[in-house]
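Spelled out, the chains give:
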Amino acid sequence: MKTKKGSAKEVTAIIIGVILFLVTVMLQGRISAIIAEITQNGGSPGPLNSANGIIVQIQVLVSVLMVVLGKKKGVVTAVVINLLNSAYTLVVVALLTKNFGALPGVVSPIITAVTCYIIYSYSAKVTKANDELKKANEDLIENNRIIREKDQKLIYLAYYDVLTGLANRQLFIEQIDENIEKNNKEPFTVISANIDDFKMINDTYGHNAGDIILSTYADRLKQFCGESAFVGKLDGDEFAILLKGESTDASVLAYIEKLCSAVCAPVIINGNPFNASLSFGVAYYPNDGRNSAEILKSTDVAVNNAKAGGRGRTCFCSQRQTV
């Protein structure tokens with residue numbers, strides 16, 4: 001649409017330019033005839049010669065404008081009409097009227113035609129250079145966008161679990177370290193939650209079933225915890241929850257009971273309900289560890305003790321107590 005509008009403007013500019021040019025040629029011819037008549041009668045043309053010079057300058061201006069506004073069509077038109085004007089001046093004005101003083105007017109249109117071509121050639125080179133620069137800038141912007149997208153993907157892969165969208169072990173560790181650094185004296189609780197018999201689920205029903213259970217439990221955990229806790233997926237079937245503030249064994253058990261009610265509902269896979277319980281390991285900061293490594297080691301010990309006691313149990317690392 002823009003190309004059609006641009007082409008229409010170019011044609012309009014050329015038509016107007018041609019009309020103006022023809023008017024100046026007619027005036028030029030009329031003035032040259034009057035000059036020839038005055039000269040033959042022995043008179044002096046006086047200011048008429050200056051008028052011709054002004055008309056020539058107007059022709060140059062009109063020609064340049066046609067090149068600038070009409071582009072390629074404009075330069076072709078400008079060159080053609082100037083060469084025709086030169087031939088007209090030579091044959092009609094100079095030879096037929098025998099006004100040999102008009103001979104410089106033969107050269108002027110030729111020079112104008114050459115000037116128009118030079119202007120167009122230079123303008124075309126500048127336009128081409130600008131187009132190449134614009135294209136290079138667009139390519140640079142696109143490459144930067146691709147790089148940013150790849151950086152975002154790499155950051156996501158470095159800190160989030162692809163299957164569930166939860167924070168991975170690295171991000172969960174950084175969250176613990178950040179919590180310790182910012183609130184060194186403030187206690188918090190880390191709860192590890194492992195899906196019981198997950199290997200048996202994968203071996204018996206396939207990894208697709210296992211993935212569905214993992215993603216479903218992850219969604220339920222996110223919905224249950226909301227903004228009150230930080231949730232992560234540390235390993236294949238291991239989730240972890242960070243609860244800020246001081247907790248008691250009783251409050252943690254009550255929290256876990258509500259969590260199980262929200263998360264451990266049957267998962268429907270291919271029309272069949274699957275029940276998978278969770279075993280929990282609990283560690284307190286700073287009692288069970290002074291840094292992220294010690295805290296997670298404590299939760300691992302606790303959850304292993306819980307699993308050793310059966311399915312769906314909770315173990316507190318500080319007391320080695322299984323409930």
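Each value, and the rule that gives it
Residues numbered from 1 in each chain as written. Predicted model: local features only at pLDDT ≥ 70, side-chain atom pairs only at ≥ 80, totals over all residues. Heavy atoms only, no water. Helix = DSSP H or I, 4+ residues; strand = E, 2+ residues; numbered from the N terminus. Buried < 20%, exposed > 50% of the residue type's maximum accessible area, 1.4 Å probe, protein only. Contact = heavy atoms within 4.5 Å. Patch = residues over 30% accessible without salt bridge, like charges linked within 9 Å, V, L, I, M, F, W, Y side chains within 5 Å. Areas by Shrake-Rupley, 256 points an atom, 1.4 Å probe, with all protein chains shown as cover. Salt bridge = Lys/Arg side-chain N within 4 Å of Asp/Glu carboxyl O. Arc of directions from axis to C-beta. Expected span 1.5 Å × (residues − 1). Phe/Tyr/Trp six-rings, centres within 6.5 Å; stacked < 30°, edge-to-face > 60°. Pairing = 2+ DSSP bridges. Right-handed = clockwise from strand over helix to strand, strands pointing away.

**What about the overall build of the protein?**
Here is step 1: In terms of regular secondary structure, the protein is built from eight helices and eight strands.
Here is step 2: Out of the 323 residues belonging to the protein, those deemed buried represent 37%.
Here is step 3: Residue pairs in contact within the protein that sit at least 24 positions apart in sequence constitute 66% of those at least 6 positions apart.

**Focus on a nonpolar patch on the surface**
Here is step 1: Judged by side-chain polarity, Val-11, Ile-15, Ile-19, Val-23 and Leu-27 come together as a nonpolar surface patch covering roughly 420 Å² of accessible area.
Here is step 2: With respect to the secondary-structure elements, Leu-27 resides in helix α1 (residues 2-40).

**Focus on helix α5 (residues 198-205)**
Here is step 1: When we look at burial in α5, the residues that qualify are Phe-198, Ile-201 and Asn-202. Projected onto a plane normal to the axis of α5, the buried residues spread over an arc of 95 degrees and lie on a single side. Among the exposed residues of α5, those pointing more than 90 degrees away from its buried face are Lys-199 and Asp-203.
Here is step 2: For α5, the secondary structure elements touched by its buried residues are β1 (188-195) and α6 (207-225).
Here is step 3: In the stretch just after α5, Gly-206 is the one whose phi turns positive, near 95 degrees.

**Overview of helix α8 (residues 292-308)**
Here is step 1: Taking 1.5 Å per residue, 17 residues should reach 24 Å; α8 reaches 24 Å between its end C-alpha atoms and fits that length.
Here is step 2: Of all the residues in α8, the buried ones are Ser-292, Ile-295, Leu-296, Ser-298, Thr-299, Ala-302, Val-303 and Ala-306. Projected onto a plane normal to the axis of α8, the buried residues spread over an arc of 155 degrees and lie on a single side. In α8, the exposed positions that point more than 90 degrees away from the buried face belong to Ala-293, Lys-297 and Ala-308.

**So, unusual backbone geometry**
Here is step 1: Cis geometry marks the peptide bond from Tyr-285 to Pro-286, where omega comes out at 5 degrees.
Here is step 2: By the element assignment, Pro-286 lies in the loop between β6 (278-285) and α8.
Here is step 3: The phi angle at Lys-71 is positive, at roughly 55 degrees, despite the residue not being glycine.
Here is step 4: At Asn-270, a residue that is not glycine, the phi angle is positive and equals roughly 55 degrees.
Here is step 5: The exposure class assigned to Asn-270 is exposed, which follows from its relative accessible area of 75%.

**Points about the packing of aromatic side chains**
Each aromatic ring pair is described using two quantities: the centre-to-centre distance and the angle formed by the ring planes.
Here is step 1: On inspection of all chains with the given rule, the structure shows six aromatic pairs.
Here is step 2: Aromatic side chains Phe-188 and Tyr-285 sit 4.8 Å apart centroid to centroid with 10 degrees between the ring planes, which places their arrangement in the stacked category. Residue Phe-188 is located in strand β1, and its partner Tyr-285 is located in strand β6; the two are separated by 97 residues in the primary sequence.
Here is step 3: The class of Phe-188 is buried, set by a relative accessible area of 1%.
Here is step 4: For the pair Tyr-284 and Phe-316, a centre-to-centre distance of 6.3 Å together with 25 degrees between the ring planes defines the contact as stacked. Of this pair, Tyr-284 sits in strand β6 while Phe-316 is found in strand β7 (residues 314-316), placing the two residues 32 residues apart along the sequence.

**Points about the pairing of β6**
Here is step 1: Across the eight residues that make up β6, a large majority, eight, are buried.
Here is step 2: Along β6, one buried face is formed by Leu-278, Phe-280, Val-282 and Tyr-284 and the opposite face, lined by Ser-279, Gly-281, Ala-283 and Tyr-285, is buried too.
Here is step 3: In terms of strand pairing, β1 meets β6 through eight bridges, oriented antiparallel. Counted as the bridge partner of Ile-195 is Leu-278 from β6.
Here is step 4: Pairing analysis gives three bridges linking β6 to β7, with the strands arranged parallel. Bridge pairing in β7 places Gly-281 opposite Cys-315.
Here is step 5: The handedness of the β6 to β7 crossover, carried by α8, is left-handed.

**So, the pairing of β1**
Here is step 1: The buried fraction of β1 is high, at eight of eight residues.
Here is step 2: Every second residue of β1 is oriented toward a common face, with Phe-188, Val-190, Ser-192 and Asn-194 on one face and Thr-189, Ile-191, Ala-193 and Ile-195 on the other, all of them buried.
Here is step 3: Examined bridge by bridge, β1 and strand β3 (residues 238-244) share seven bridges and lie antiparallel to one another. Bridge pairing links Ala-193 to Phe-239 in β3.

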